[in-house]
Amino acid sequence: MRFFFPIRLVCAGLAFFGTVLPLKAQGGAAAFFETIDWSIRGSMLFFPEDNGNASAPMPILPSLGGGASYSVNDLLALELSLDLYGNTYDYDYGLKRVVPANDEFRSSFVTGMVWGLQPVFRFRPRGDAFIIRAYGGLGFDTRIVFRAYGIKSDEDHTNSSGPTGYTVGDASKEVTRYFWGGGRWVFPFAGGGMDFNVLDGILLGFDIRAWFPVWRLWTGENLPPIEGFRFGLGFRVTFQ
């Protein structure tokens, strides 16, 4: 298992809480936590790709997640979110990049933890009947890369074109280098959703989100237009 936790992500998290915590410092910890809403979310994540026979079809992945939202006022909240997913991947030596993989060509299993830091604007056109949310911010996909299950590191690596001359262990290392190189873990995103009051202090809602592969601006890779984008559709329960 190989895991890299970027210093920039830690700094971003500290900056987030450094901004939020002082807002209620004069009221003490109790006053601060009274302004926190907690949520849990289940989503389907769509990772479009256009690699032909070099990869598996577009991954459609179930995801569990949650968030903590600090209410600045009725209109604005600051939210920290997390979404979890997992999928099999391989490194394609012809394309020189990581691609989603079917089981017969897998070299790695990746667990992704997608963090989000975002301001959330909340609109109440009919009072407390429902809330419309619009948000956008900076996302980080902190991936843990495992060697694929049921395969040994020294086994010969193959893909859809046949043997590559490398081992499964070599390909798995390339998966790690690719995902953590060139800032490919940075994903600005935007989204929206609605929440409905179902019980006292409990909201039921949905989210639609899109993540953007901004790292394509500086890596200079010749990628299909859709490569790297992500989309999500999910339901969430918020506890106020």
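Residues numbered from 1 in each chain as written. Predicted model: local features only at pLDDT ≥ 70, side-chain atom pairs only at ≥ 80, totals over all residues. Heavy atoms only, no water.

### A few points about the nonpolar core
What counts here: Note on terminology: a nonpolar core comprises buried Ala, Val, Leu, Ile, Met, Phe, Trp, Tyr and Cys residues joined through side-chain atoms within 4.5 Å. Summary of the burial criterion: residues with accessible area below 20% of their type's maximum are buried, those above 50% are exposed, and those between are partly exposed, where the area comes from a 1.4 Å probe applied to protein chains only. By definition, any uninterrupted DSSP run of H or I lasting at least four residues is a helix, any uninterrupted run of E lasting at least two residues is a strand, and each is numbered from the N terminus. We call two residues in contact when some of their heavy atoms are within 4.5 Å.
In this structure, Tyr85, Tyr89, Tyr91, Val98, Val175, Tyr178 and Phe179 are the most contacted members of the largest nonpolar core, which totals 28 residues. The set of elements that each furnish at least two residues to this core consists of β4 (76–92), β6 (108–123), β7 (130–147), α3 (168–180) and β10 (186–199). Filtering out sequence-adjacent residues up to four positions away, Val175 remains in contact with Asp90, Tyr91, Val98, Ser107, Ser108, Val110 and Val145.

### Observations regarding the confidence of the model for the protein
Put simply, the rule reads: One number per residue, pLDDT, summarises how confident the predictor is, and it ranges from 0 to 100.
Of all residues in the protein, 86% attain a pLDDT of 70 or more, and the chain-wide mean is 89. Low pLDDT, under 50, characterises residues 1–5; the stretch is placed with 17 contacts to residues that sit more than four places away or in other chains.

### Quick word on the pattern of salt bridges
Stated precisely, the cut-off is as follows: Should a side-chain nitrogen of Lys or Arg be within 4 Å of a carboxyl oxygen of Asp or Glu, the pair is scored as a salt bridge.
Throughout the structure, instances matching the rule amount to eleven salt bridges. Its salt-bridge partner being Asp207, residue Arg133 comes within 2.8 Å of it at the nearest N-O pair. Here Arg133, found in strand β7, pairs with Asp207, found in strand β11 (residues 202–211); they are 74 residues apart in sequence, far enough to count as distant. You can call Arg133 buried: its relative accessible area is 5%. Put simply, Arg41, Glu79, Asp83, Arg133, Asp195, Asp207, Arg209 and Arg236 are held in one network by salt bridges that share partners.

### Here we look at α3
To be explicit about the condition: Multiplying 1.5 Å by the helix residue count minus one yields the expected span of that helix.
A rise of 1.5 Å per residue sets the reference length of α3, with its 13 residues, at 18 Å; its end C-alpha atoms lie 19 Å apart and thus fit the reference within 8%. Along α3, the residues classified as buried are Val168, Gly169, Ala171, Ser172, Val175, Thr176, Tyr178, Phe179 and Trp180. Backbone geometry just after α3 places Gly182 at a positive phi near 65°.

### Observations regarding the environment of Ala54
Along the chain, Ala54 falls in the loop between β2 (36–46) and β3 (60–71). By relative accessible area, which is 22% here, Ala54 ends up partly exposed. Separated by 46 residues in sequence, Ala54 and Pro100 have C-alpha atoms that sit 8.8 Å apart. Apart from the residues lying within four places of it in its own chain, the contact partners of Ala54 are Asp92, Leu95, Val99 and Ser160.

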